[in-house]
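# Geometric and topological summary
Residue-level listing of the chains:
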Amino acid sequence: MQSRFPLPKFREIKTPFYYYDMELLDRTLESLSREAGKYGFVVHYAVKANANPVILEKIRNYGLGIDCVSGYEIRRAIDCGFKPSGIVFAGVGKSDWEIELGLDNDIACFNVESIPELEIINQIAASKGKTARVALRVNPNVNARTHHYITTGLKENKFGINQWDLEKVVTSLETLTNIKLEGIHFHIGSQITDMQSFRNLCNRVSEIMDWFTQRRYNLRIINVGGGLGIDYQYPDANPVPDFESYFKVFRDGIKLGEGQELHFELGRAVVGQCGSLVTRVLYVKEGVKTRFAIVDAGMTDLIRPALYQAYHKIENISSSAAEEKYDVVGPICESSDSFGKAVSLPETSRGDVLVIRSAGAYGEVMASQYNLRPLPHCVFSDRV
Ligand SMILES: *Cc1c(COP(=O)(O)O)cnc(C)c1O
């Protein structure tokens, strides 16, 4: 697998950096577009997973819409050439300026999470003489069976409107004259690999669709969010997520009515596998029970292991000696600044180049400048 990465080139580049395999991103987008296209499904890319303009340009070329969770993301999407008519805006805490920005740009839809938010959007829209298109984000109380920090669809989570509050919400809509109800929205969590969670979601969505139909509400858009996971264990065996099975679950599980559209918001599944974090070994240090490989990338560059105990496959592409075990750690002054414990690597020494795989989603976007470190730079496979 060493040929996947251009080691001689990597040796010349200052580490750490993100490396994006643009050919893999193309293959992923081709598969995604083909499989969603079979059923006429609409896909919005969740830009929070990776907002790099070069990545966004490629995604735009496949005609995807955009799912934003901040006004800054709306700006980035528009700057990168996405049409506002393909932008949806979610989030539990939208500031007034963000709502204004969305209205000024006539974005497709606000995914709304509470009555107070509906009232504010109505007020701001009225002051502009506009009508805001909204979808109600309903909390379906479906367990995504993923890490609890990335579970969002349980009744105790802060996201969405609970089902027992729906009656109150639709009643309030009757007096909100500058709101147009476009549909319903769901998002149960991230890194979901068990298709049963999505089947359960389909059942809840169908019930809620019936609830609206009984009350003679016409929902044009059914947005089931994102969350499809990637294979962090075997990125080479499964570089492209199984979009075919994923979309089939929804095709089979949700019966659309006349004129209804099914929308998705995928982030991780689109960009996760195409990115790697490339780092150099600074020191190999003997610990009490372990041996540390101390690298020049830290949790400031990739926080997922520290934040969610996430697993990333780590490879030493400089060495082919016999394997040994290392704790691969960064230079940051935090004990959680670790990329993996007891990682099997070929015998590793100072200067070796390590590649931390499957880092394209929630990697570069979550980088920080803690310890006054600069943000990581990036390298694209078609531009090296
Ligand atoms: C984060 C998020 C997504 C994307 O989640 P992935 O797991 O990256 O697919 C989609 N919709 C909403 C509302 C989100 O917050």
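As the structure is a computational prediction, the values presented were derived from the model and not from experiment.

Conventions and cut-offs
- Counting starts from 1 at the beginning of each chain's written sequence and moves along it residue by residue.
- Totals for whole chains, interfaces and linings use all residues, but because this is a predicted model, local features are given only for residues with pLDDT of at least 70 and pairs of side-chain atoms are given and counted only at 80 or more.
- In computing side-chain properties, one takes all heavy atoms of the structure into account and sets aside hydrogens as well as water.
- We define a nonpolar core as any set of buried Ala, Val, Leu, Ile, Met, Phe, Trp, Tyr and Cys residues linked to one another through side-chain atoms lying within 4.5 Å.
- Here the term buried applies to any residue with accessible area under 20% of the maximum for its type, exposed to any over 50%, and partly exposed to those in between, with areas from a 1.4 Å probe on protein chains only.
- What counts as a helix is a DSSP run of H or I of at least four residues, what counts as a strand is a run of E of at least two, and both are numbered from the N terminus.
- Here the limits of each domain have been adopted from an automatic or database domain assignment.
- Pairs of residues are marked as contacts when any of their non-hydrogen atoms sit within 4.5 Å.
- Buried area: the sum, over both parts, of the accessible surface (1.4 Å probe) that disappears when the two are put together.
- To be near a molecule or strand, a residue needs just one of its heavy atoms within 4 Å of it.
- Think of a polar contact as two N or O atoms within 3.5 Å of one another; within protein, one of them needs to be a possible hydrogen donor and the other a possible acceptor, and neighboring residues in sequence only count if both atoms come from side chains.
- Each residue gets one of three labels, nonpolar for Ala, Val, Leu, Ile, Met, Phe, Trp, Tyr, Cys and Pro, charged for Asp, Glu, Lys and Arg, and polar for the others, Gly among them.
- UniProt positions are given in the numbering used here, feature names are shortened, and annotations may be inferred rather than shown by experiment.
- Strand pairing is assigned whenever DSSP identifies at least 2 bridges connecting the two strands.

### Concerning the nonpolar core
Of all hydrophobic cores here, the largest spans 99 residues; its most connected members are Y45, F110, F212, F247, F250 and V328. Broken down by element, the residue count for this core peaks at nine residues, all from helix α8 (residues 195–214). The residue makeup of this core includes at least three contributed by each of domain 1 (7–17 + 273–383) and domain 2 (22–270). Contacts of F212, omitting those with residues within four sequence positions, involve L136, L166, V170, L181, I184, Y217 and L219. Judged by nonpolar contacts, the second largest core, of 11 residues, contains L7, F17, V353 and V355.

### Here we look at the domain arrangement of the protein chain
As assigned here, the protein chain comprises domain 1 (7–17 + 273–383) and domain 2 (22–270). Relative to domain 2, the C-alpha centre of domain 1 lies at a distance of 33 Å. Taken together, the contact pairs 23 residues of domain 1 with 24 residues of domain 2. Buried area between domain 1 and domain 2, both sides added, is near 2,200 Å², and the carbon and sulfur share of it is 55%.

### Section: the site of the ligand
In the vicinity of the ligand lie 15 residues, with K48, S190, E265, R268 and Y362 positioned nearest. Between the ligand and G227, the relevant distance is 2.9 Å, taken from an oxygen atom to a main-chain nitrogen or oxygen of the residue. Between E265 and the ligand, the recorded distance is 2.6 Å, taken from a side-chain N or O atom to a nitrogen atom. Of the residues contributing to the shell around the ligand, the split by class is four nonpolar, six polar and five charged.

### Here we look at the UniProt feature "modified residue: N6-(pyridoxal phosphate)lysine" (unreviewed entry) in the protein chain
Annotation from UniProt places "modified residue: N6-(pyridoxal phosphate)lysine" (unreviewed entry) at K48. Of note, K48 is situated in the loop between β2 (42–46) and α3 (53–61). Not counting residues within four places of it along the chain, the set of residues in contact with K48 comprises V69, E73, Y362 and V365.

### Focus: the pairing of strand β14 (residues 323–329)
As judged from the three bridges shared by strand β12 (residues 291–295) and β14, these two strands associate in the parallel manner. Residue pairing for β14: A293 is matched across the bridge by V328. Sheet topology places β14 next to strand β15 (residues 338–346); six bridges connect them, and they run antiparallel. Pairing of V329 across the sheet is with S338, part of β15.

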